[in-house]
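Coordinate analysis (summary)
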Protein chains: 2
Amino acid sequence: MNNILCIYSRFWLRHLVFMGAGAMGEIKHLVVVKFKEGVVVEEIIKGMEKLVTEVDLVKSFEWGQDTEGHEMLTQGFTHSFAMTFDKKEDYAAFQSHPSHVEYSATFSAAIEKIVVLCFPCVRVKPTG
Amino acid sequence: MNNILCIYSRFWLRHLVFMGAGAMGEIKHLVVVKFKEGVVVEEIIKGMEKLVTEVDLVKSFEWGQDTEGHEMLTQGFTHSFAMTFDKKEDYAAFQSHPSHVEYSATFSAAIEKIVVLCFPCVRVKPTG
């Protein structure tokens with residue numbers, strides 16, 4: 001049992017090192033939005049969670065709803081969605097993926113305003 | 001030597017499990033900006049990297065410069081900066097930290113427009 005744990009632990013350590021090495025080329029797709037009035041935001045988010053779960057090209061996905069609410073700072077934007085891709089080619093393939101194209105129509109219809117940035121992610125901290 | 005590697009691996013495995021458990025309560029501080037013309041952006045970013053490296057309250061820090069450049073999507077914004085905190089209290093303490101207060105004056109003077117969101121981070125993927 002102890003040996004199995006040891007082998008399992010080593011697998012994770014190697015996996016960690018691999019993740020650290022790969023992090024340098026990651027592409028982040030950041031979307032900041034304000035939804036239209038009357039939109040059932042939970043449904044839109046549920047659809048996005050389904051999309052990123054089903055499409056393997058998306059390496060990680062995080063989202064959040066602003067809780068501070070300083071209008072001067074948020075400029076009326078309320079939600080942030082961030083997807084990470086291993087490389088630019090994965091991001092490009094995701095853009096033209098049928099599931100993404102289909103979902104985009106629903107998403108676009110729900111938003112009042114949007115900012116989209118796409119960039120190679122520079123991770124300063126943690127350094128490991 | 002093999003035993004040391006094994007113990008070291010187990011330490012990392014435990015650390016990983018701990019990180020996974022803590023991730024649920026994380027607070028993300030997201031800043032999207034367009035800098036004023038003439039600003040030496042590299043200096044501003046260098047200052048931010050120094051700040052987050054020195055202040056332990058900041059758990060992680062990532063930034064990036066948009067490479068797609070679709071004005072209709074970026075709305076003129078060019079850079080994204082994202083800091084993660086373990087809990088809301090850490091974020092509050094960071095806001096009033098002397099180093100942050102000092103840096104904020106420099107940063108504010110350099111930006112033409114800004115969107116700031118602060119939210120509990122929902123991590124959908126990876127799930128582990």
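Definitions and cut-offs
Residues numbered from 1 in each chain as written. Chains lettered and ligands numbered in written order. Predicted model: local features only at pLDDT ≥ 70, side-chain atom pairs only at ≥ 80, totals over all residues. Heavy atoms only, no water. Helix = DSSP H or I, 4+ residues; strand = E, 2+ residues; numbered from the N terminus. Pairing = 2+ DSSP bridges. Axes fitted to C-alpha atoms, helices over the stretch in contact; angles between N-to-C directions. Polar contact = N/O pair within 3.5 Å; in protein donor to acceptor, adjacent residues only side chain to side chain. Contact = heavy atoms within 4.5 Å. UniProt positions renumbered as here; feature names shortened; annotations may be inferred. Buried < 20%, exposed > 50% of the residue type's maximum accessible area, 1.4 Å probe, protein only. Buried area = accessible area lost by both parts, 1.4 Å probe. Salt bridge = Lys/Arg side-chain N within 4 Å of Asp/Glu carboxyl O. Nonpolar A, V, L, I, M, F, W, Y, C, P; charged D, E, K, R; others polar. pLDDT = per-residue confidence, 0-100.

1. Digging into unusual backbone geometry
Residue and element names in this part refer to chain A.
- Between lysine 125 and the following residue, proline 126, the backbone shows a cis peptide bond with an omega angle of -5°.
- Backbone geometry places glutamine 75, a non-glycine residue, at a positive phi of 55°.
- Within the secondary structure, glutamine 75 is located in the loop between α3 (71-74) and β3 (79-85).

2. Digging into the sheet that holds strand β5 (residues 122-125) of chain B
- Taken together, five strands build an open sheet; the order of strands is β4(A)-β1(A)-β3(A)-β2(A)-β5(B) and the sheet is antiparallel. Unpaired on one side and paired on the other, β4 (111-120) of chain A together with β5 of chain B mark the two borders of the sheet. Adjacent strand axes in the sheet meet at a mean angle of 15° when their direction is disregarded.
- Alignment of strand β2 (residues 60-65) of chain A against β5(B), held across three bridges, turns out to be antiparallel. Directly across from A:Phe61, in β5(B), lies its bridge partner B:Lys125.

3. Quick notes on the side chain of A:Glu62
- With respect to the secondary-structure elements, A:Glu62 resides in strand β2.
- Of the polar contacts made by the side chain of A:Glu62, one reaches the side chain of B:Lys28; its length is 3.1 Å.
- A polar contact is formed between the side chain of A:Glu62 and the side chain of B:Arg123, at a distance of 3.1 Å.
- Excluding residues that lie within four positions of it along the chain, A:Glu62 makes contacts with A:Ser80, A:Phe81, A:Ala82, B:Lys28, B:Cys121, B:Val122 and B:Arg123.

4. Concerning the UniProt feature "domain: Stress-response A/B barrel" (unreviewed entry) in chain A
- Using the residue numbers shown here, the UniProt feature "domain: Stress-response A/B barrel" (unreviewed entry) corresponds to residues 27-119 of chain A.
- Taken end to end, residues 27-119 of chain A comprises 42% helix and 33% strand; its first and last C-alpha atoms sit 6 Å apart.

5. Things to note about the pairing of β3(A)
Residues and elements named next belong to chain A.
- Of all seven residues that make up β3, seven are buried, and the element is covered over most of its length.
- On β3, burial covers both faces: His79, Phe81, Met83 and Phe85 on one face and Ser80, Ala82 and Thr84 on the other are all buried.
- With seven bridges joining them, strand β1 (residues 27-35) and β3 adopt antiparallel strand pairing. Across the sheet, valine 32 pairs through a bridge with serine 80, a residue of β3.

6. With respect to the environment of A:Val55
- Examined against the element boundaries, A:Val55 turns out to sit in the loop between α2 (41-54) and β2.
- A residue is classified by how much of its surface remains accessible, and A:Val55, at 5% relative accessible area, is buried.
- In this structure, the C-alpha to C-alpha distance between A:Val55 and A:Gly76, residues 21 residues apart in sequence, is 30 Å.
- Excluding anything up to four places from it in sequence, A:Val55 contacts A:Phe94, A:His97, A:Ser99 and B:Lys125.

7. Here's the deal with the sheet that holds strand β3 (residues 79-85) of chain B
- Read from one edge of the open sheet, five strands run β5(A)-β2(B)-β3(B)-β1(B)-β4(B), paired in antiparallel fashion. A strand with exactly one partner marks an edge of an open sheet, and here the two such strands are β5 (122-125) of chain A together with β4 (111-120) of chain B. The sheet shows a mean angle of 15° between the axes of neighbouring strands, taken without regard to direction.
- Here helix α2 (residues 41-54) of chain B sits on the sheet and contacts β5 of chain A together with β1 (27-35), β2 (60-65) and β3 of chain B; the angle it forms with β3(B), its principal contact strand, is near 5°.

8. Looking at the interface of chain B and chain A
- The interface of chain B with chain A comprises 50 residues on the first partner and 50 residues on the second.
- Approximately 4,100 Å² of surface area, both sides summed, lies buried where chain B meets chain A, with 64% of it carried by carbon and sulfur atoms.
- On the chain B side of the interface with chain A, the three residues burying the most area are B:Glu62, B:Leu117 and B:Lys125, jointly 16% of the side's total.
- For the pair chain B and chain A, the number of links is four salt bridges.
- Taken together, chain B and chain A are joined by 22 residue pairs in polar contact (both at pLDDT 80 or more).
- At nine residues, helix α1 (residues 2-22) of chain B tops the list of elements feeding residues into the side of chain B that touches chain A.
- Looking at the side of chain B that touches chain A residue by residue, the class counts come to 27 nonpolar, 12 polar and 11 charged.

9. Considering the confidence of the model for chain A
- Taken as a whole, chain A shows an average pLDDT of 85; of its residues, 80% reach a score of 70 or greater.
- Here the predicted complex carries an ipTM of 0.80, next to a pTM of 0.81.

10. A look at the pattern of salt bridges
- Across all of its chains, the model carries 18 salt bridges over all chains by this definition.
- A:Lys50 is the partner of A:Glu54 in a salt bridge, and the nearest nitrogen-oxygen pair spans 3.2 Å. Residue A:Glu54 and its partner A:Lys50 are both found in helix α2; the two are separated by four residues, about one turn of the helix.
- Judged by relative accessible area, which is 52%, A:Lys50 ranks as exposed.
- Salt bridges here are not isolated pairs; linked through shared partners, they connect A:Glu26, A:Lys28, A:Lys59, A:Asp86, A:Arg123 and B:Glu62.

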